[in-house]
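# Examining the three-dimensional arrangement
Next come the chains, spelled out residue by residue.
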Amino acid sequence: MTELRRLAHAVILGAFSGPVVPAWLAPAYADGLAGICLYGNNIPPSGDIAGLARRVRAVDPTAVLALDEEGGDVTRLHSRTGSPYLGNAALGVCDDIELTHAVAAGIGAELAQAGVWLDLAPSADINSNPHNPVIGTRSFGADPALVARHTAAFVAGLASQGIAASVKHFPGHGDTSTDSHLGLPRVTVTTDVLRARELVPFAVAAATVMTSHVLLDAFDDQQPATLSHPVLTGLLRDELGFDGVIVTDALDMAGASAIHGVGGAAVMSLAAGADLLCLGPEESAEPHAIHEVVDAVCRAVGSGDLSLDRLTEAATSVAALRDTWSALSPRPGGSGVIADARLASVRAAAGLVAAAPRFDGPAKVIRIDTGTNLAVGDTAWGVLDLGGGTVDLIAADVSSTPVHPGEVAVVVRRATAVPEVWAWIERQLSTNPLTTLIELGWPDPALTAHDRVVRTYGSAAVLTDALAAAMRGDR
């Protein structure tokens, strides 16, 4: 193992598939691998990803251990049951800084118990496009000042439990109509708009910032932010003065690697100013993506496409992050912090849905699955018990489904996202006045044309439980 290859390993946040710690992890740590990020496909059938996290941490307690625990719709700790915490959009509607701090502290205490010390959260994106397919309820809202104050509160709440935050997705993924998991989103607004809107929440002090695979014409019309020197170095480092660790979003996402491959994207991202390269999980017994990135980085240093100084700078920055945060142990009173955060979420959720229509008797729930994105994954959603049973539909089945009579609750995320689904919902609402539409996603302005609409601003279990209680009259 040469020193150059150790340096290349030292800037990689690797991943693996499945609920078992792979045999290659200990040798990879010995080679200098910076750490591991856990994903949805690491969740065991029991749902206990915390147990897996503790086993990973035991291999090397000094290594980075990260996952996406945003609360609300994006949860790894509670994917099988749905989150007991309000997500960003609901927190933004409440606009209670102490509540947001408490929720983040509860999440942080749970992460500390699992041995995870880097939370790839919060999302600081301004949700300026209500049709955004990947941010939506992961955003605190569309107002920059509101998003900024809740981002700061969330970061502080995590830090109160010894957890480092990663504010994402710099310089903003809210004004997009493409999911960067699947393609390359493009934002065409001016620098003045971006500085007054997207960039405002990223002025917060945080241990790390995560990049977005979004192309912003005003700053760089050739490369997405993850690969852009003008964005990562010129804007984030020089203009905004960020001196922490720049973490990439997963480089296997199409927005980063569709053209250059994972190895090429890794080299370009390091050269642009990134420090820690996040990789997605592979369905493989060997860490091929890690090897590909290490080989590409070493070749790039040898050819002069990537300077040794830049690689050393990135590795040093990651090492400092590990030195500062990896000595994690659960804080005293953590269980009480968790209980308080969950209770605060329950109370706030009840307030959010207090005005929901009450059904006189058992009501049928029509739950329509319009799909999700990879960030949310297979997390449980939309479970309401209104006493009349549930009919589950997928978008392709809706057109042939008749209007349902009687008291009906139609439960959906992003009701207008699929034209056939929205057409059926409007027919159901106009034909049966006893129908209530429950929008669990970011509400489209088109919903204002209808009276019996409940907007929960998220599909977390704490919200749907509160809603079911309110609609049954259990107030």
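For the structure itself, consult the block above.
Right, let's walk through the structure included here. (Residues numbered from 1 in each chain as written. Predicted model: local features only at pLDDT ≥ 70, side-chain atom pairs only at ≥ 80, totals over all residues. Heavy atoms only, no water.)

### Notes on the packing of helix α8 (residues 229-239) against helix α10 (residues 261-272)
Put simply, α8 and α10 touch, their axes get as near as 7 Å, and they point 25° apart. Taken together, the axis directions place α8 and α10 in an arrangement best described as roughly parallel. Classified by chirality, the crossing of α10 by α8 is right-handed. In this structure, α8 uses His229, Leu232 and Thr233 to contact α10, whose residues at the interface are Ser269, Ala271 and Ala272. Grouping the amino acids of the contact of α8 with α10 by side-chain chemistry returns 3 nonpolar, 3 polar and no charged. (Axes fitted to C-alpha atoms, helices over the stretch in contact; angles between N-to-C directions. Helix = DSSP H or I, 4+ residues; strand = E, 2+ residues; numbered from the N terminus. Parallel < 35°, antiparallel > 145°, perpendicular 65-115°, else oblique. Left-handed = near helix turned anticlockwise from the far one by under 90°. Contact = heavy atoms within 4.5 Å. Nonpolar A, V, L, I, M, F, W, Y, C, P; charged D, E, K, R; others polar.)

### Side note on the pattern of salt bridges
Taken as a whole, this structure holds 14 salt bridges when the rule is applied. Of the charged contacts in the structure, one is a salt bridge between glutamate 198 and arginine 197, with a shortest N-O distance of 2.8 Å. This pair shows no difference in class: glutamate 198 is buried, exactly as arginine 197 is. Among the ionic contacts, a cluster of salt bridges with common partners joins Asp68, Glu70, Arg138 and Lys168. (Salt bridge = Lys/Arg side-chain N within 4 Å of Asp/Glu carboxyl O. Buried < 20%, exposed > 50% of the residue type's maximum accessible area, 1.4 Å probe, protein only.)

### A few points about the nonpolar core
The biggest cluster of nonpolar side chains holds 137 residues, and the ones touching the most others in it are Leu33, Ile36, Leu38, Val56, Leu86, Leu386 and Ile438. Here this core gets 9 residues from one element, more than from any other, and that element is helix α11 (residues 288-303). Beyond its immediate chain neighbours, meaning those up to four positions away, isoleucine 36 contacts Leu13, Gly14, Ala15, Phe16, Trp24, Leu25, Tyr29, Val56, Val64, Leu65 and Ala66. Listed in part, the 17 residues of the second largest apolar core include Leu393, Ala415, Trp422 and Trp424. (Core = buried A, V, L, I, M, F, W, Y, C linked by side-chain atoms within 4.5 Å.)

### A closer look at unusual backbone geometry
In this structure, proline 122 follows alanine 121 across a cis peptide bond, with omega equal to 5°. Residue placement: proline 122 occurs in the loop between β4 (118-119) and α6 (144-159). Between lysine 168 and histidine 169 the backbone carries a cis peptide bond, its omega angle lying at 0°. Inspection of the secondary structure puts histidine 169 in strand β5 (residues 164-170). You will see that aspartate 95, though not glycine, has its phi angle at about 50°, which is positive. Tracing the backbone shows aspartate 95 in the loop between α4 (88-94) and α5 (97-114). Positive phi is not limited to glycine here, since arginine 414 has a value of about 55°. Under the relative-accessibility criterion, arginine 414 is labelled partly exposed at 29%.

### Focus: the sheet that holds strand β13 (residues 408-412)
The 5 strands are arranged β12-β11-β13-β14-β15 in an open sheet whose pairing can be described as parallel. Edge positions in the open sheet fall to β12 (387-394) and β15 (453-455), since each of these has one partner strand only. Adjacent strand axes in the sheet meet at a mean angle of 20°, parallel and antiparallel pairs treated alike. Where β13 lies against strand β14 (residues 435-439), 5 bridges are found, and the strand directions are parallel. Bridge pairing links valine 412 to glutamate 439 in β14. (Pairing = 2+ DSSP bridges.)

### Side note on the pairing of β5
Burial analysis of β5 places 7 of its 7 residues in the buried class, which makes it a mostly covered element. Where β4 lies against β5, 2 bridges are found, and the strand directions are parallel. Looking at the pairing, aspartate 119 lines up with alanine 165 of β5. Where β5 meets strand β7 (residues 208-211), 3 bridges bridge the pair, whose relative direction is parallel. Counted as the bridge partner of serine 166 is threonine 208 from β7.

### Quick look at the sheet that holds strand β3 (residues 64-67)
Spatially, the 8 strands line up as an open sheet ordered β9-β7-β5-β4-β3-β2-β1-β10, and their pairing is parallel. The open sheet is flanked by β9 (245-247) and β10 (277-278), the only strands paired with a single partner. The sheet contact formed by strand β1 (residues 12-14) and β10 spans 2 bridges and is parallel. By the bridge assignment, leucine 13 is partnered in β10 with cysteine 278. Running at roughly 175° to strand β2 (residues 35-38), helix α3 (residues 49-59) makes contact with β2 and β3 of the sheet.

### Here's the deal with the environment of leucine 306
As for its placement among the helices and strands, leucine 306 is situated in the loop between α11 and α12 (308-325). Residue leucine 306 is classed as buried on the basis of its relative accessible area of 2%. Measuring from C-alpha to C-alpha, the distance between leucine 306 and leucine 251 comes to 17 Å, with 55 residues separating the pair along the chain. Setting aside anything within four residues of it in sequence, one finds leucine 306 in contact with Val267, Leu270, Ala271, Val297, Ala300 and Val301.

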